[in-house]
Number of protein chains: 2
Amino acid sequence: MTLPAVGHRVTETATAEDRVGTTRVDTAAEPKYWHLKTVLSEALETEFTVGEVLPNERELAARFNVARATLRQALEQLELEGRLQRRRGVGTTVAPPRVGVSVMEERPAWPGADGEAWQTVDCADSTPLPAVARLLGTAAGERVHTVRRTRLSYGVAVAAESLYVPAASVPGLSSIAASGGPARARAVLRELNRLELQGQERSVELGSARADDARQLDRLPGAPVLVVTSRYRSADRTAAVAVATYRADTCRLTFGESGGLVHQQDLAAS
Amino acid sequence: MTLPAVGHRVTETATAEDRVGTTRVDTAAEPKYWHLKTVLSEALETEFTVGEVLPNERELAARFNVARATLRQALEQLELEGRLQRRRGVGTTVAPPRVGVSVMEERPAWPGADGEAWQTVDCADSTPLPAVARLLGTAAGERVHTVRRTRLSYGVAVAAESLYVPAASVPGLSSIAASGGPARARAVLRELNRLELQGQERSVELGSARADDARQLDRLPGAPVLVVTSRYRSADRTAAVAVATYRADTCRLTFGESGGLVHQQDLAAS
DNA sequence: GAGTGGTCTAGACCACGGT
DNA sequence: CCGTGGTCTAGACCACTCG
């Protein structure tokens, strides 16, 4: 089960290829890819450091005597768990531990309140999806202000958000300054912060990145994301709804006092 | 882009196969499986009802003129988004909307407090994983009480949890009643509830089900789960840590006042 | 036993990142 | 340009469920 080093070449200049080992994964009732994942997982902890690049897929597959598709199934799972990072044209690297991002502060607050973490991209009018319109209480097909924002963590984008604000929520908005750009986005947020915030509710679920979100997150379309839906209440109405998609591979969402909680990847153990 | 019905047989007794259509998915810059997913997604909303069983994979693949593996890639994504449910030996069915499960009540509370939703399975001594031990502040290798619980929603298991309680947190526990079963589990929870709860922190991340959790959730090992890690503080120490894995396909985790929030599957739109 | 989804293979070509 | 991961094919066999 452990990873015996390859017999030849055990000098101090052992390459990444050497350290992966060549343990066969036959003779197992469990699927090959599952066993393979376990073996690789242990190798990652023992023999590799964060950021290090693994041998390429064709080579790994040959080394473990499996088809490339089978190997990829194992890599996919490890990537889903945030242990690996794969980039086309570059290679597969060992991922750093997931970053904890706080998604629920002590006190409820309007988006854009403390100008923290989130970076406004732009603002446009759009007809929200029916599900969002239902939450907002607007008529189907009614256009609402839609502010796009990006959340950065240590310089990299970890989340993309669409904030939907019905015109009724921001009556003070000067319709003259309605150029579709970042200026209008700031105006909408400013008006929103004037309102009294009654409360907010959040939910988290698994989803896959839409094409535009994927681009913003530097991922391929369909990449797994954690979808955080927030509903902001004011004057007994829903004043705004935010749908934020967080990169599931790199993010750990924290609630309550954000503290150093367990990393999922440290919980590996079959 | 829409789904033209098959030319032949448009009687009122159209079968499921008919309603899937035969729209070709070539002539596309985007990947076939992505386009396929979109087409199927629309068909699910338009032509199918919850619980209905789809044509089998070989037939769908033939109908869309793609390899079965390609079709499966599309189905996989739809399942990840909670739109489909696949069971070996049975078939692929249209999944009901995700159920909202509350994972953070208004006021912090000890596990087992209101005997709600969670069902105690058993209790044993175990040496928690290093990451958990670090959170607990116990020595590596130290054995702690480990209560296994299951969360039911409408009769089906939606989450499996391991609650780790160091012996120091429950000094009043009579070591005589230390039979490894449910009785001890209840005793541990009872003692825990005697303590003053100072606060709790939670985090959510994506993971894949370990073999035992998968069994408890009626899923295959490796199935996507939302891992909720909770830390309970008392007397300026970490009194307990809970690691709960929720079925990502069927669950929507709610925070704050649990309300009818948006369903991710209603947010589909590329 | 028949039918389903799950696993696996051995190829091929494509899209992208860096050189 | 080359090497990488991403997509796709056309098969095969296995594990499971159910009648």
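Residues numbered from 1 in each chain as written. Chains lettered and ligands numbered in written order. Predicted model: local features only at pLDDT ≥ 70, side-chain atom pairs only at ≥ 80, totals over all residues. Heavy atoms only, no water.

**Considerations on the packing of aromatic side chains**
Part 1 of the argument: This model, assessed by the stated rule, comprises 5 aromatic pairs over all chains.
Part 2 of the argument: Both rings, one in Phe255 of chain A and one in Phe255 of chain B, keep their centres 3.6 Å apart while their planes meet at 5 degrees; by these two values the pair is stacked. Remark: Phe255 of chain B occurs in strand β10 (residues 251-255) and Phe255 of chain A occurs in strand β10 (residues 251-255); the pair is interchain, linking two chains. Here Phe255 of chain A and Phe255 of chain B have matching classes, each one buried. (Phe/Tyr/Trp six-rings, centres within 6.5 Å; stacked < 30°, edge-to-face > 60°. Helix = DSSP H or I, 4+ residues; strand = E, 2+ residues; numbered from the N terminus. Buried < 20%, exposed > 50% of the residue type's maximum accessible area, 1.4 Å probe, protein only.)

**A word on the protein's contact with DNA strand D**
Part 1 of the argument: Around DNA strand D there are 26 residues in total, and Asn56 and Arg68 of chain A together with Lys32, Ala67 and Thr70 of chain B lie nearest to it.
Part 2 of the argument: Backbone atoms, meaning sugar and phosphate, make up 66% of the atoms of DNA strand D lying within 4 Å of the protein.
Part 3 of the argument: Separating a base oxygen of DNA strand D from a side-chain N or O atom of Arg58 of chain A is a distance of 3.0 Å.
Part 4 of the argument: The separation between a phosphate oxygen of DNA strand D and a polar side-chain atom of Arg72 of chain A is 2.8 Å.
Part 5 of the argument: If one sorts the elements of the surface near DNA strand D by residue count, helix α4 (residues 68-80) of chain B sits on top with 4 residues. (Near = heavy atom within 4 Å. Polar contact = N/O pair within 3.5 Å; in protein donor to acceptor, adjacent residues only side chain to side chain.)

**A few points about the environment of Glu76 of chain A**
Part 1 of the argument: In this fold, Glu76 of chain A is placed in helix α4 (residues 68-80).
Part 2 of the argument: According to the relative accessible area criterion, Glu76 of chain A is partly exposed, its value standing at 38%.

**Quick notes on the protein's contact with DNA strand C**
Part 1 of the argument: Taken together, 26 residues lie around DNA strand C, and Lys32, Ala67 and Thr70 of chain A together with Arg68 and Arg72 of chain B are the ones closest in.
Part 2 of the argument: The sugar-phosphate backbone supplies 66% of the atoms of DNA strand C found within 4 Å of the protein.
Part 3 of the argument: One nitrogen or oxygen atom from the side chain of Tyr33 of chain A is found 3.0 Å from a phosphate oxygen belonging to DNA strand C.
Part 4 of the argument: Within the side chain of Arg88 of chain A, one N or O atom sits 3.3 Å away from a sugar or linking oxygen of DNA strand C.
Part 5 of the argument: Elements that contribute at least two residues to the surface near DNA strand C include exactly α2 (32-47) and α4 of chain A together with α3 (57-64), α4, β1 (84-87) and β2 (91-94) of chain B.
Part 6 of the argument: The dominant element in the surface near DNA strand C, judged by the number of residues it contributes, is α4 of chain A, at 4 residues.
Part 7 of the argument: Residue composition of the surface near DNA strand C, grouped by class: 8 nonpolar, 7 polar and 11 charged. (Nonpolar A, V, L, I, M, F, W, Y, C, P; charged D, E, K, R; others polar.)

**Things to note about the pattern of salt bridges**
Residues and elements named next belong to chain B.
Part 1 of the argument: Scanning all chains against the criterion turns up 42 salt bridges over all chains.
Part 2 of the argument: Taking the shortest distance from any N to any O, the salt bridge between Lys37 and Glu81 comes out at 2.7 Å. With Lys37 in helix α2 (residues 32-47) and Glu81 in the loop between α4 and β1, the pair connects residues that are 44 residues apart, well separated along the chain.
Part 3 of the argument: A relative accessible area of 3% places Glu81 in the buried class. (Salt bridge = Lys/Arg side-chain N within 4 Å of Asp/Glu carboxyl O.)

**Description of α3 of chain B**
Residue and element names in this part refer to chain B.
Part 1 of the argument: When we look at burial in α3, the residues that qualify are Glu57, Leu60, Ala61, Arg63 and Phe64. Here the buried residues of α3 occupy an arc of 160 degrees about the axis, which is enough to place them on one side. Facing away from the buried side of α3 by over 90 degrees, the exposed positions are Arg58 and Ala62.
Part 2 of the argument: Its side-chain oxygen 2.9 Å from the backbone nitrogen of Arg58, Asn56 forms the N-cap of α3.
Part 3 of the argument: Within two residues after α3, Asn65 carries a phi angle of roughly 65 degrees, on the positive side. (Arc of directions from axis to C-beta.)

**Regarding the packing of helix α3 (residues 57-64) of chain A against α4 of chain A**
All names here are of chain A.
Part 1 of the argument: At their nearest, the axes of α3 and α4 sit 9 Å apart, and the two run at 105 degrees to each other. By the criterion of interaxial angle, the relationship of α3 to α4 is roughly perpendicular. Packed against α3, whose contacting residues are Glu57, Arg58, Leu60 and Ala61, the element α4 presents Arg68, Leu71, Arg72 and Leu75 at the interface.
Part 2 of the argument: Each residue belonging to the contact of α3 with α4 can be placed in one class, and the counts come to 4 nonpolar, no polar and 4 charged. (Axes fitted to C-alpha atoms, helices over the stretch in contact; angles between N-to-C directions. Parallel < 35°, antiparallel > 145°, perpendicular 65-115°, else oblique. Contact = heavy atoms within 4.5 Å.)

From the geometry alone we can't say anything about function, so treat these as descriptive.
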